[in-house]
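Spelled out from the first residue to the last, the chains are:
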Amino acid sequence: MNEPDAAVYIGRSRRSLRNWRSNGLIPARRRGGEWVYLPADLTAARDKADQRMRQGLSTASKPGPGRGHKHPARSRIRELIEAGGMSQLAIARAIGCNASLVAVVNRELKTAREMV
């Protein structure tokens, strides 16, 4: 299926498909000078994007490495920490991130509270 039809098929923009393709989130092939997608790949990518969106994660790209990287789940982690009632491990499992990221965000929140 070509890119315009694929975008309609999954209810996303062509830009989303390009982002997913360039970041390796969806396989695509070149045929006759245009990108083509398999319906099963489109459905799987859409479902994964929907799941990531519910978790508060980026749907357009894979999180990158590096110091100072702002992980897309940080705001959701902050919300769950501030709501209370969940361990850091439970928060990490609920969001689908590494427990060390939750620990870092928790430390940042504690430091911010101490400065006030």
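Above this text sits the structure in question.
Residues numbered from 1 in each chain as written. Predicted model: local features only at pLDDT ≥ 70, side-chain atom pairs only at ≥ 80, totals over all residues. Heavy atoms only, no water.

**Points about the overall build of the chain**
Logical step 1: Summing up its helical and strand segments, the chain has 6 helices and 2 strands in all.
Logical step 2: Across the 116 residues in the chain, those meeting the buried criterion constitute 28%.
Logical step 3: When the accessible surface of the chain is totalled, it reaches about 7,300 Å², and 52% of it is carbon and sulfur. (Helix = DSSP H or I, 4+ residues; strand = E, 2+ residues; numbered from the N terminus. Buried < 20%, exposed > 50% of the residue type's maximum accessible area, 1.4 Å probe, protein only. Areas by Shrake-Rupley, 256 points an atom, 1.4 Å probe, with all protein chains shown as cover.)

**Quick notes on the packing of helix α1 (residues 3–10) against helix α2 (residues 14–22)**
Logical step 1: Taken N-terminus to C-terminus, the directions of α1 and α2 make an angle of 100°; their axes are 9 Å apart at the nearest point. With respect to each other, α1 and α2 are oriented roughly perpendicular. Along the contact surface, α1 presents Glu3, Pro4, Ala6, Ala7 and Ile10, while α2 presents Arg14, Leu17, Arg18, Trp20 and Arg21.
Logical step 2: Within the contact of α1 with α2, the residues separate by chemical class into 6 nonpolar, no polar and 4 charged. (Axes fitted to C-alpha atoms, helices over the stretch in contact; angles between N-to-C directions. Parallel < 35°, antiparallel > 145°, perpendicular 65-115°, else oblique. Contact = heavy atoms within 4.5 Å. Nonpolar A, V, L, I, M, F, W, Y, C, P; charged D, E, K, R; others polar.)

**Quick word on helix α4 (residues 74–83)**
Logical step 1: Among all positions in α4, only Arg74, Ile77, Leu80 and Ile81 are buried. Across the axial projection of α4, the buried residues extend over an arc of 125°, all falling on one side. Turned more than 90 degrees from where α4 packs its buried face, Glu82 and Ala83 sit exposed. (Arc of directions from axis to C-beta.)

**Digging into the environment of Met86**
Logical step 1: Tracing the backbone shows Met86 in the loop between α4 and α5 (88–95).
Logical step 2: By relative accessible area, Met86 is classed as partly exposed at 36%.
Logical step 3: Apart from the residues lying within four places of it in its own chain, the contact partners of Met86 are Leu80, Ile91 and Ala94.

**What to know about the nonpolar core**
Logical step 1: Core analysis: the biggest nonpolar cluster contains 12 residues, these being Ala73, Ile77, Leu80, Ile81, Ile91, Ala92, Ile95, Cys97, Leu101, Val102, Val105 and Leu109.
Logical step 2: Listing elements by their share of this core, those giving two or more residues are α4, α5 and α6 (99–115).
Logical step 3: Here this core gets 4 residues from one element, more than from any other, and that element is α6.
Logical step 4: Setting aside anything within four residues of it in sequence, one finds Leu109 in contact with Arg78, Ile81 and Glu82.
Logical step 5: The next biggest cluster of nonpolar side chains, apart from the first, holds 10 residues, and it includes Ile10, Ile26, Leu42 and Ala45. (Core = buried A, V, L, I, M, F, W, Y, C linked by side-chain atoms within 4.5 Å.)

**With respect to α1**
Residue pairs spaced three or four apart in an α-helix point in one direction, given the helix's 3.6 residues per turn.
Logical step 1: Of all the positions in α1, only Glu3, Ala6, Ala7 and Ile10 are classed as buried. In an axial view of α1, the angular spread of the buried residues amounts to 100°, which keeps them on one side of the axis.
Logical step 2: In this structure, the buried residues of α1 make contact with α2, β2 (34–36) and α3 (39–54).
Logical step 3: Where α1 starts, the residue carrying a side-chain oxygen 2.9 Å from the main-chain nitrogen of Asp5 turns out to be Asn2. (Polar contact = N/O pair within 3.5 Å; in protein donor to acceptor, adjacent residues only side chain to side chain.)

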